[in-house]
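Structural features, examined
Residues per chain, in single letters:
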Amino acid sequence: MSTSRELPVSALYRSCDLRQLDFETTHDLAELNELVAQERAADAIGLGASIQHEGYNLFVLGREGTGRHSLLKQYLEEKARTEPLASDWCYLNNFQESRQPRAIELPAGRGRELAQDMAQLVDDARTAIPAAFESEDYRTRRESIERELAEEQEAAFEEVSKRAKERGIGIIQTPTGMAMAPIRDEETLAPEEFQQLPEAERERIVEQTEEVGKELKAVLQEAPKRVREARRRVSELDREVALWAVGSLIEELTEKYEAHQEVVRYLQQIREDIVQNIGLFRVSPEEHSPLQQLFGGAMPGEGTEASPATQRYAVNVLVDHEAAEGAPVVFEQNPTFQRLLGRVEHLSQMGTLVTNFQLIKAGALHDANGGYLVLDARKLLTQPFAYDGLKRALQSRELRIESLGQAYSLVSTVSLDPEPIPLSVKVVLIGERLLYYMLQALDPEFSTLFKVAADFEDEVDRSEENTRLYARLLATLAKRASLKPLDREAVARVIEHSAREVGDGEKLSARIRPVADIIREADFWAGKEGSEIIALSAVEQAIEARARRNGRIRDRMHEEILRNNVLIDTAGEVVGQINGLAVLQIGDSRFGRPNRITARIALGTGKVVDIEREVELGGPIHSKGVFILSSYLAATYAADEPLSLSASLVFEQSYGGVEGDSASCAELCALLSALAESPIDQSLAVTGSVNQRGEVQAIGGANEKIEGFFDICQARGLTGSQGVLIPAANIKNLMLRRDVRDAVEKGLFRVCSVENVDQAMEILCGVPSGQAAPNGAFPEGSLNQRVGSRLSDLAQKRRKMGSDEKSEEGN
């Protein structure tokens, strides 16, 4: 039966006006350097990147594929090129406390230069210091000190020996030390001769021997003092020679870095440390064997580790911006705790892990210091402790390199504790809206650190201006990906497909990635056809191929219906039974399928039972829709008497959860059909939600739902009576497939729009619904009159049953 609610073919699809595309191919269009209709997000990015107050970091939110990364990257890199270069950061050895390496800041490029200068200083010192200690002057002065020591020792010994001889005592040097013996006429007395001496003489000799022994002991005790004095003089000489050897080298560097006082102080410390560790330099390169000289001081197989002097005075260039052209922009793809905040590495030596200041490695925050750091919010939150570490760094405004064990007091081993580095960075998190709002709700510190939200649109208005911009966007994507240019018809088809993707003929998808994928695949099909441009046929083939690739589950579900394993009628009339429509989203595949909904009526207390809810398969929104039905029935048909029915509603052969209220119109129609005992045309399907006034409201997935029912009808054979009822509010969303539009144009299928339940019931049952008169009565024979009469009859039966029960109690 034809109805005035049927939509013309022109309402089922909004074609792109080719007059708005004034070009032959996209090769004629200029590239687009901004995204289409993302001014809100662009303004927020501009504010967040430019404002320099604490806490104004950015969170860029929106759906994946909307161009968040590309716009952000383009904007930040352009802005960074106009900003000052970030500083280099180096770690130096702390000679007083080796566990706490010192951090030093230098202008961009000077860090590597300092490292090279220090390496050259060590090389020069390893040549200059041995040469100075091998000089004739040094040898002469050192020999003089040694000779003076020997002469002093000899003079003191001679003096003691002389006084001993005057007393008749001789000092004899033996293999075991010094010995004393009496002498006469320069000859040492034998023990027998000594015993023959008078006793008084022997006592005198013994007494003199003791006195000489005391004098000799005093001389021997003075010897170490003279040796120490000599050593002190040698040390002073070594210091003087070492300072002379490296003084000019260090002075030259001091002049070079005089503008950097930290470097100057470090050079003075190096000079003092070199003097105290001259032994690191005393072996000259020339003392290597000829083969060692040939191999740079290390024989093959001996390793190429740096010398102790090189390690001690090296510069660890943590961050080097020598090649930078502006402030740094860092995109960290794996934001772990250590990759963000840096780490201290270890080496295995003799079964022991060792480390030093040269094994301190930078993190992404170090690299981005003075610029911008961009992170994926989901990846950040899934890495243990990474988010907390980032917040701690932003709050303290300094970068402290420590292991997780140190940060959370999990270990007590001694390790390096590098000096913290001041932090000045803009952090940009990119993530979905859900993450943003969850962080806002659950983390009180989040809003103080990320004060600017850049919210990207998921869809944009399909205006004439945006259509032209979209064409330029396609041209830009094709050129940057080295694809063939698209002709006007192909561009128009991609724009129409973009509108279909958002399910709205008046909108365009802001997601760039799916559109880019379509033109890449169309380029492939155009290449197979041997075409130099991407024509309409190539785009159509790409869209159809993608639908086929993702359509296996849809095809299997439709097959179950066509084989009558899942019962769906597309012909005939049945009371209390209707074809509802649902949309399933599985991965990238989104499709519609019909569901049989049935309603049964009996006498009761006014309760409409939602079987899906009773078995916990219905979600809260679906249950809300069912409750609205009860309210509609009571207000429309039983305002003056109690609602006295017991109704049940069910999605037949539904084995999973049911959510949403888009079937509430179909459920109400099934319920009214059961009450009026008026059969529903099974060649029709219905979608739409309903409110308490009976108005049919807009739903999502209108295109997929219509096409899902159409596919079943087409497979069984189109008769011209089949069709779908949709809310009038959804007309603007229609972007139906070509085969559906062709069937409608030929009168083989129809799409009807309805504004309220009465209109839907008239189409479904072929009977006028009827409008209530001022007294509330409906026209005789109308659907509403039948429903009202049935409810009134049920109410009377309920009252009668109540009266009978009271009579029995009275008897």
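What you see is a predicted model; the values in this text were computed from it and never measured. (Residues numbered from 1 in each chain as written. Predicted model: local features only at pLDDT ≥ 70, side-chain atom pairs only at ≥ 80, totals over all residues. Heavy atoms only, no water.)

Examining the overall build of the protein
The secondary structure content of the protein amounts to 28 helices and 30 strands. At 48 Å, the protein has a C-alpha radius of gyration far larger than the 28 Å of a compact globule built from 811 residues. Taken along the three principal axes of its C-alpha coordinates, the protein extends 170 × 90 × 50 Å. Burial statistics for the protein: of 811 residues in total, 46% are counted as buried. (Helix = DSSP H or I, 4+ residues; strand = E, 2+ residues; numbered from the N terminus. Rg over C-alpha atoms; globule rule 2.2 N^0.38 Å. Buried < 20%, exposed > 50% of the residue type's maximum accessible area, 1.4 Å probe, protein only.)

Quick word on the pattern of salt bridges
The full count for this structure, using the stated rule, is 53 salt bridges. Note that Asp517 is salt-bridged to Arg520, the shortest N-O span being 3.0 Å. Of the two residues, Asp517 and Arg520 are both situated in helix 19 (residues 512-528); the distance of three residues between them amounts to about one turn of the helix. Asp517 gets classed as partly exposed once you look at its relative accessible area, which sits at 25%. What makes Arg520 partly exposed here is its relative accessible area of 42%. The partner of Asp555 in a salt bridge is Arg554, and the shortest N-O contact between them spans 3.2 Å. Taking the relative accessible area as the measure of exposure, Asp555 reaches 33% and is therefore partly exposed. Owing to a relative accessible area of 22%, Arg554 belongs among the partly exposed residues under this scheme. (Salt bridge = Lys/Arg side-chain N within 4 Å of Asp/Glu carboxyl O.)

A few points about the pairing of strand 16 (residues 426-431)
Of all six residues in strand 16, six are buried; the element is thus mostly enclosed. By the alternation rule, side chains of strand 16 split into Lys426, Val428 and Ile430 and Val427, Leu429 and Gly431, which are all buried. Note that strand 13 (residues 372-376) and strand 16 share five bridges and pair parallel. Bridge assignment links Leu375 to a residue of strand 16, and that residue is Leu429. (Pairing = 2+ DSSP bridges.)

Things to note about the packing of aromatic side chains
Per the counting criterion, the structure on display carries 13 aromatic pairs. Ring geometry for Phe95 versus Tyr266: centroids 5.8 Å apart, planes at 5°, classification stacked. Taken as a pair, Phe95 in the loop between strand 2 (88-92) and strand 3 (102-106) and Tyr266 in helix 7 (residues 261-276) lie far apart in primary sequence, 171 residues in all. Taken individually, Phe95 and Tyr266 each receive the classification buried, so the pair is uniform in this respect. On the numbers, 5.1 Å between centres and 70° between planes, the contact of Phe524 with Trp525 is edge-to-face. A residue is classified by how much of its surface remains accessible, and Phe524, at 46% relative accessible area, is partly exposed. The ring of Tyr13 carries the charged tip of Arg741 above its face, separated from the ring centre by 3.8 Å. (Phe/Tyr/Trp six-rings, centres within 6.5 Å; stacked < 30°, edge-to-face > 60°. Lys NZ or Arg CZ within 6 Å of the ring centre and 35° of its normal.)

Digging into the packing of helix 17 (residues 464-480) against helix 19
Contact pair helix 17 / helix 19: the axes reach a minimum separation of 10 Å and the direction vectors enclose 60°. Relative to helix 19, the element helix 17 lies oblique. The hand of the helix 17/helix 19 crossing is right-handed. Contact with helix 17, carried on its side by Tyr470, Leu473, Leu474, Leu477 and Ala478, involves Ile512, Val515, Ala516 and Ile519 of helix 19 and no other residues of that element. (Axes fitted to C-alpha atoms, helices over the stretch in contact; angles between N-to-C directions. Parallel < 35°, antiparallel > 145°, perpendicular 65-115°, else oblique. Left-handed = near helix turned anticlockwise from the far one by under 90°. Contact = heavy atoms within 4.5 Å.)

As for a nonpolar patch on the surface
A contiguous nonpolar surface patch, about 330 Å² in accessible area, is contributed by Leu434, Met438 and Leu442. The residue Leu442 is located in helix 15 (residues 433-442) in this model. (Patch = residues over 30% accessible without salt bridge, like charges linked within 9 Å, V, L, I, M, F, W, Y side chains within 5 Å. Areas by Shrake-Rupley, 256 points an atom, 1.4 Å probe, with all protein chains shown as cover.)

Details of helix 1 (residues 39-50)
Here helix 1 spans 16 Å end to end across 12 residues, near enough to the 16 Å set by a 1.5 Å rise per residue. All of the buried residues in helix 1 are Ala41, Ala44, Ile45, Gly46, Gly48 and Ala49. Contact partners of the buried residues in helix 1: strand 1 (58-61), helix 2 (68-81), strand 13, strand 16 and strand 17 (452-455). (Expected span 1.5 Å × (residues − 1).)

Notes on the packing of helix 6 (residues 199-256) against helix 7
Helix-helix packing is described using two parameters, namely the angle between the two axes and the distance between the axes. At a minimum axis distance of 9 Å, the contact between helix 6 and helix 7 shows a crossing angle of 160°. Relative to helix 7, the element helix 6 is oriented roughly antiparallel. The way helix 6 lies across helix 7 gives a crossing that is right-handed. For the pair helix 6 and helix 7, the contacting residues are Arg239, Ala242, Leu243, Val246, Ile250, Glu251, Leu253 and Thr254 in the first and Val264, Leu267, Gln268, Ile270, Arg271, Glu272, Ile274 and Val275 in the second.

Focus on the sheet that holds strand 8 (residues 329-332)
Two modes of strand pairing occur in sheets, parallel and antiparallel, and in both the strands are linked by backbone hydrogen bonds. The five strands lie next to each other as 8-13-16-1-17, forming an open sheet whose pairing is parallel. This sheet does not close on itself; its edge strands, each paired only once, are strand 8 and strand 17. Taken pair by pair, the neighbouring strands of this sheet meet at an average axis angle of 20°, ignoring direction. Sheet strands touched by helix 2: strand 1, strand 8, strand 13 and strand 16. Its angle to strand 16, the strand with the most contacts, is close to 165°. Sheet strands in contact with helix 15 are strand 1, strand 16 and strand 17, and its direction is about 140° off that of strand 1.

What to know about unusual backbone geometry
Positive phi is not limited to glycine here, since Arg397 has a value of about 60°. Looking at the element boundaries, Arg397 is found in the loop between helix 13 (386-396) and strand 14 (398-399). Since its relative accessible area comes to 43%, Arg397 is described here as partly exposed. The phi dihedral of Ser482 is positive, around 55°, even though this residue is not glycine. Its place among the elements puts Ser482 in the loop between helix 17 and helix 18 (488-501).

Concerning the pairing of strand 1
Alternating positions in strand 1 separate into two faces, Leu58 and Val60 on one and Phe59 and Leu61 on the other, with burial throughout. Across four bridges, strand 1 lies against strand 16 in parallel orientation. Looking at the pairing, Leu61 lines up with Gly431 of strand 16. Judged from the four bridges that link them, strand 1 and strand 17 form a sheet pairing that is parallel. Across the sheet, the residue bridging to Val60 is Ala454, located in strand 17.

Overview of the sheet that holds strand 7 (residues 316-319)
Ordered by their spatial adjacency, three strands build an open sheet running 3-2-7, and the pairing between neighbours is antiparallel. Of all strands in the sheet, those with a lone pairing partner are strand 3 and strand 7, marking the two edges. Geometrically, the sheet is characterised by an average inter-axis angle of 30° between neighbouring strands, direction not taken into account. As defined by bridge partners, strand 2 adjoins strand 7 across three bridges and the pair is classed as antiparallel. Among the inter-strand pairings, Tyr91 is bridged to a residue of strand 7, identified as Asn316. The sheet strands contacting helix 3 (residues 110-133) are strand 2, strand 3 and strand 7, and the helix crosses strand 2 at an angle near 35°. Contacts from helix 7 reach strand 2 and strand 3 within the one sheet, and its direction differs from that of strand 3 by about 135°.

As for a negative patch on the surface
A grouping of Glu34, Glu39, Asp43 and Glu465 is seen on the molecular surface, where their side chains present a negatively charged patch. Structurally, Glu465 can be placed in helix 17. Using a relative accessible area of 57% as the deciding quantity, one classes Glu465 as exposed. (Lys, Arg positive; Asp, Glu negative; His and termini not counted. Charge placed at Lys NZ, Arg CZ, Asp CG, Glu CD.)

Some points on the environment of Val502
Following the sequence through the fold, Val502 ends up in the loop between helix 18 and strand 19 (507-509). The spatial distance from the C-alpha of Val502 to the C-alpha of Ser10 is 19 Å, given a sequence separation of 492 residues.

A closer look at the side chain of Asp504
With respect to the helices and strands, the residue Asp504 is situated in the loop between helix 18 and strand 19. For the buried residue Asp504, which engages in no salt bridge, the nearest side chain bearing the opposite charge is Lys507, 6.0 Å off. Within the structure, Asp504 has its side chain in polar contact with the side chain of Asn733 (distance 3.5 Å). (Polar contact = N/O pair within 3.5 Å; in protein donor to acceptor, adjacent residues only side chain to side chain.)

Here's the deal with the confidence of the model for the protein
Residue-level pLDDT values for the protein average 86, and 91% of them are 70 or greater. Every residue in residues 285-304 scores below 50 in pLDDT, and together they form 15 contacts with partners more than four places removed in sequence or on other chains. (pLDDT = per-residue confidence, 0-100.)

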